[in-house]
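A structural walkthrough
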Amino acid sequence: IDTLAPAVGSVHGASSRLDLPLLEKIASVTGGPLVLHGGSGVHPDDIREAVQMNVVKVNIGADLFRAWVSGLQEGAALKVTNHEPPHHVMMTHASGKVTELARKKLSLMGAAGQAKSLQQRLDEARTDLPARIRG
């Protein structure tokens, strides 16, 4: 398997705490990357600890959806100026709310600032690809 998503206490879209001792046991046995489904409502302290136990992906779709919807609602209440269509104002505001939440979650998971090294590794792999194909 490429990744494993164990059931360790997260609940989709609801506040929850993880069974961290169980997650630690699973991480020590599998050695592979772990995924956390239902990460939107998981306590931030649990997320920080889970990332230390090789959780490499945390699904936060419910949080992102809620940020989008609240952003649309807030955007609908904004005064439209400079003749911008109301739906543009709403969508721009909603997009900003999703970006703000995504940045907070990335920071919480320790992923902020990691793109540069990943991009460098991808560029190196891409450069090496023709040589490997010619082999």
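Just above sits the structure.
Residues numbered from 1 in each chain as written. Predicted model: local features only at pLDDT ≥ 70, side-chain atom pairs only at ≥ 80, totals over all residues. Heavy atoms only, no water.

Secondary-structure assignment places serine 40 in the loop between strand S1 (34-36) and helix H2 (44-52). A polar contact of 3.3 Å, which involves the side chain of serine 40, links it to the backbone nitrogen of alanine 62. Among residues more than four places away in sequence, those in contact with serine 40 are Asn59, Ile60, Gly61, Ala62, Asp63, Arg66 and Lys105. (Helix = DSSP H or I, 4+ residues; strand = E, 2+ residues; numbered from the N terminus. Polar contact = N/O pair within 3.5 Å; in protein donor to acceptor, adjacent residues only side chain to side chain. Contact = heavy atoms within 4.5 Å.)

It is worth spelling out the nonpolar core at this point. Among the nonpolar cores identified, the biggest contains 17 residues, and Leu18, Leu23, Leu36, Ile47, Val55 and Val58 are the most heavily contacted of them. Of all the elements in the fold, those that place two or more residues in this core are helix H1 (20-30), S1, H2 and strand S2 (55-58). (Core = buried A, V, L, I, M, F, W, Y, C linked by side-chain atoms within 4.5 Å. Buried < 20%, exposed > 50% of the residue type's maximum accessible area, 1.4 Å probe, protein only.)

For glycine 39, the location among the structural elements is in the loop between S1 and H2. Distance in space between the C-alpha atoms of glycine 39 and leucine 72 is 23 Å, their sequence separation being 33 residues. The residues touching glycine 39, leaving out its near neighbours within four places in the chain, are Ile47, Val58, Asn59 and Ile60.

Looking now at the side chain of aspartate 46. Mapped onto the secondary structure, aspartate 46 falls in helix H2. For aspartate 46, a relative accessible area of 2% gives the class buried. Filtering out sequence-adjacent residues up to four positions away, aspartate 46 remains in contact with Ser16, Arg17, Leu18 and Leu20.

Let us now look at the packing of helix H3 (residues 61-77) against helix H4 (residues 86-108). In the contact formed by H3 and H4, the axes pass within 7 Å of each other and the chain directions differ by 145°. Regarding H3 and H4, the two cross each other, and that crossing is right-handed. Note on element contacts: H4 touches H3 through Val89, Met90, Met91, His93, Ala94, Ser95, Lys97, Val98, Leu101 and Lys105, opposite Asp63, Leu64, Ala67, Trp68, Ser70, Gly71, Leu72, Glu74, Gly75 and Ala76. Here the contact of H3 with H4 is built from residues that sort into 11 nonpolar, 5 polar and 4 charged. (Axes fitted to C-alpha atoms, helices over the stretch in contact; angles between N-to-C directions. Left-handed = near helix turned anticlockwise from the far one by under 90°. Nonpolar A, V, L, I, M, F, W, Y, C, P; charged D, E, K, R; others polar.)

A few words on H2. Within H2 the residues assigned to the buried category are Asp46, Ile47 and Ala50. Axial view of H2: buried residues confined to an arc of 100°, hence all on one face. Contacts from the buried residues of H2 go to H1, S1, S2 and H4. Directly beyond the C-terminal end of H2, a positive phi value near 75° is found at asparagine 54. (Arc of directions from axis to C-beta.)

Attention now goes to the pattern of salt bridges. Evaluation of the coordinates by the stated rule reveals 6 salt bridges. Here aspartate 45 and arginine 48 are joined by a salt bridge, their closest N and O atoms 2.8 Å apart. Taken together, the residues aspartate 45 and arginine 48, both in helix H2 and 3 residues apart, mark about one turn of the helix. Since its relative accessible area comes to 41%, arginine 48 is described here as partly exposed. Between arginine 66 and aspartate 63 there is a salt bridge, with the nearest N and O atoms lying 2.8 Å from each other. Taken together, the residues span about one helical turn, with arginine 66 and aspartate 63 both in helix H3 at a distance of 3 residues. On the basis of relative accessibility, which here comes to 40%, the residue arginine 66 falls in the partly exposed class. Exposure remark for aspartate 63: the relative accessible area of 13% places this residue in the buried category. Via salt bridges that share partners, Asp63, Arg66 and Lys105 belong to a single interconnected network. (Salt bridge = Lys/Arg side-chain N within 4 Å of Asp/Glu carboxyl O.)

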